[in-house]
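# Analysis of the macromolecular model
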Amino acid sequence: MAGLQKTSVIDFPDQISAVVFTQGCNFYCPYCHNSQLIPLKLPSGKELMPESYFFGFLEQRQNLLDGVTITGGEPLLQSDLKDFLFKIKNDYNLLIKLDTNGSSSSKLQKLMEADLIDYLAVDLKFSWPNYKQLAPAGLISEIKRSVELIINSDVDYEFRTTVVPGLHDIEEIEKIAIQIKGAEKYFIQNFRPVNTLDPGLTNRRSFAPSKLEQFRLTAEKHLNNVQIRD
Ligand code: SF4
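Residues numbered from 1 in each chain as written. Predicted model: local features only at pLDDT ≥ 70, side-chain atom pairs only at ≥ 80, totals over all residues. Heavy atoms only, no water.

## Re the overall build of the chain
From N to C terminus, the chain includes six helices and eight strands. Ordered by position from N to C terminus, the α and β elements of the chain give β-β-α-β-α-β-α-β-α-β-α-β-α-β. The C-alpha atoms of the chain give 17 Å as radius of gyration, which agrees with the globular expectation for 230 residues (17 Å, within 12%). In terms of its C-alpha atoms, the chain occupies a principal-axis envelope of roughly 50 × 40 × 35 Å. For the chain, restricting intrachain contacts to residue pairs at least 6 apart in sequence, the fraction spanning at least 24 positions comes to 70%. About 11,300 Å² of surface is accessible on the chain, with carbon and sulfur atoms providing 49% of the total. (Helix = DSSP H or I, 4+ residues; strand = E, 2+ residues; numbered from the N terminus. Rg over C-alpha atoms; globule rule 2.2 N^0.38 Å. Contact = heavy atoms within 4.5 Å. Areas by Shrake-Rupley, 256 points an atom, 1.4 Å probe, with all protein chains shown as cover.)

So this is what it looks like as structure tokens:
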């Protein structure tokens, strides 16, 4: 574990959750604002948070929480994730929300089949051809498989796109919406120019509310439930 936020009312829809941050990601989104979580290995002198600390925390707070949000980094890169989720659900009786970039479909499938995920939030960064800006080519077919798996599952989920001026426009949003046709919920999230992986983006302004609304209306041509998170 790379970090713990002890309480959040915004990360897990309708639930009070603790948020666990995992170390390591296989993408390099220029607008990532958790860029310290991208390297799989921590710089020397820095240490991960022991799991015992987290479970000690849950012992004390279990009754004040509905669930745990697991985010990153990319949580599915963690080899012991299944055991970790199993313990949260079975020993502490808490709900689990998993944030993922969708790049490990078979691991995701195993967690879903084991009934270890109550809510999934899946980032869709771009239309498929544009993914090459931030992810190795081989991962795109994995993400496509994850999208299909999720749409055909009975897990509660959302797809979401962080929209960045200069990287996303109406045409791009429409292509993404078409890619996930049949999805239940799609969130358009505004970019925040804070602590970005590409330092050049810290000077870029977020989209105006009117532009976000145009994106929403465009996506709504193809999807039933499109919402803005600003
Ligand atoms: S935004 Fe998410 S997927 Fe992209 S580099 Fe950061 S942690 Fe990884």
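Still to come is the rest of the account.
## Digging into the pairing of strand E5 (residues 119-123)
In terms of burial, E5 is largely enclosed, as five of its five residues are buried. Side-chain alternation along E5 places Tyr119, Ala121 and Asp123 on one buried face and Leu120 and Val122 on a second face that is also buried. Looking at chain direction, strand E4 (residues 95-100) and E5 are connected through four bridges and run parallel. Within E5, the position partnered with leucine 98 by the bridge is leucine 120. Where E5 and strand E6 (residues 156-163) come together, five bridges link them in parallel fashion. Of the residues in E6, the one forming a bridge with valine 122 is phenylalanine 159. (Buried < 20%, exposed > 50% of the residue type's maximum accessible area, 1.4 Å probe, protein only. Pairing = 2+ DSSP bridges.)

## Notes on the sheet that holds strand E8 (residues 226-229)
One open sheet accounts for eight strands, arranged E1-E2-E3-E4-E5-E6-E7-E8; its pairing is mixed. Strands with a single pairing partner mark the edges of an open sheet, and in this sheet they are strand E1 (3-8) and E8. The sheet shows a mean angle of 20° between the axes of neighbouring strands, taken without regard to direction. (Axes fitted to C-alpha atoms, helices over the stretch in contact; angles between N-to-C directions.)

## Focus on the side chain of histidine 222
Along the polypeptide, histidine 222 turns up in the loop between helix H6 (209-219) and E8. Within polar-contact distance, the side chain of histidine 222 engages the side chain of glutamate 174 at 2.6 Å. Excluding residues within four positions of it along the chain, histidine 222 makes contact with Glu174, Ala177, Ile178 and Lys181. (Polar contact = N/O pair within 3.5 Å; in protein donor to acceptor, adjacent residues only side chain to side chain.)

## Looking at a nonpolar patch on the surface
Taken together, the side chains of Val9, Ile10 and Ile16 present a nonpolar region at the surface, about 320 Å² in accessible area. On the basis of relative accessible area, isoleucine 16 is assigned to the partly exposed category, the value being 32%. (Patch = residues over 30% accessible without salt bridge, like charges linked within 9 Å, V, L, I, M, F, W, Y side chains within 5 Å. Salt bridge = Lys/Arg side-chain N within 4 Å of Asp/Glu carboxyl O.)

## A look at the packing of helix H3 (residues 105-113) against helix H4 (residues 139-151)
Two elements in contact, H3 and H4, have axes whose closest approach is 9 Å; the angle formed by their N-to-C orientations is 25°. As far as their axial angle goes, H4 and H3 are roughly parallel. In contact with Ser105, Ser106, Leu108, Gln109 and Met112 of H3, H4 contributes Glu142, Arg145, Ser146, Leu149 and Ile150. In the contact of H3 with H4, the residues fall into four nonpolar, four polar and two charged. (Parallel < 35°, antiparallel > 145°, perpendicular 65-115°, else oblique. Nonpolar A, V, L, I, M, F, W, Y, C, P; charged D, E, K, R; others polar.)

## So, the layout of surface pockets
A probe as big as a water molecule, rolled over the atoms, marks out the empty space that is left. The computed volume of the largest pocket comes to approximately 1,000 Å³. Forming the walls of the largest pocket are 35 residues, and the residues nearest its centre are His33, Asn34, Arg160, Gln189 and Arg192. The dominant element in the lining of the largest pocket, judged by the number of residues it contributes, is E6, at four residues. Residues of the lining of the largest pocket, tallied by class, amount to 12 nonpolar, 12 polar and 11 charged. (1 Å grid on protein atoms, 1.4 Å probe; cavity = no way out; pocket = protein on both sides within 12 Å on 5 of 7 lines; lining within 4 Å. Points joined across faces, edges and corners; volume = space filled by probe spheres on them.)

## Digging into the site of the ligand
In the vicinity of the ligand, the residues found are Cys25, Phe27, Cys29, Cys32, Ile38, Gly73, Asn101 and Lys125. A molecule is said to occupy a pocket when more than half its atoms come within 2 Å of that pocket's grid points, and by this definition the ligand occupies the largest pocket. Here the residues of the shell around the ligand are counted per class, giving five nonpolar, two polar and one charged. (Near = heavy atom within 4 Å. Sits in = over half its atoms within 2 Å of the grid points.)

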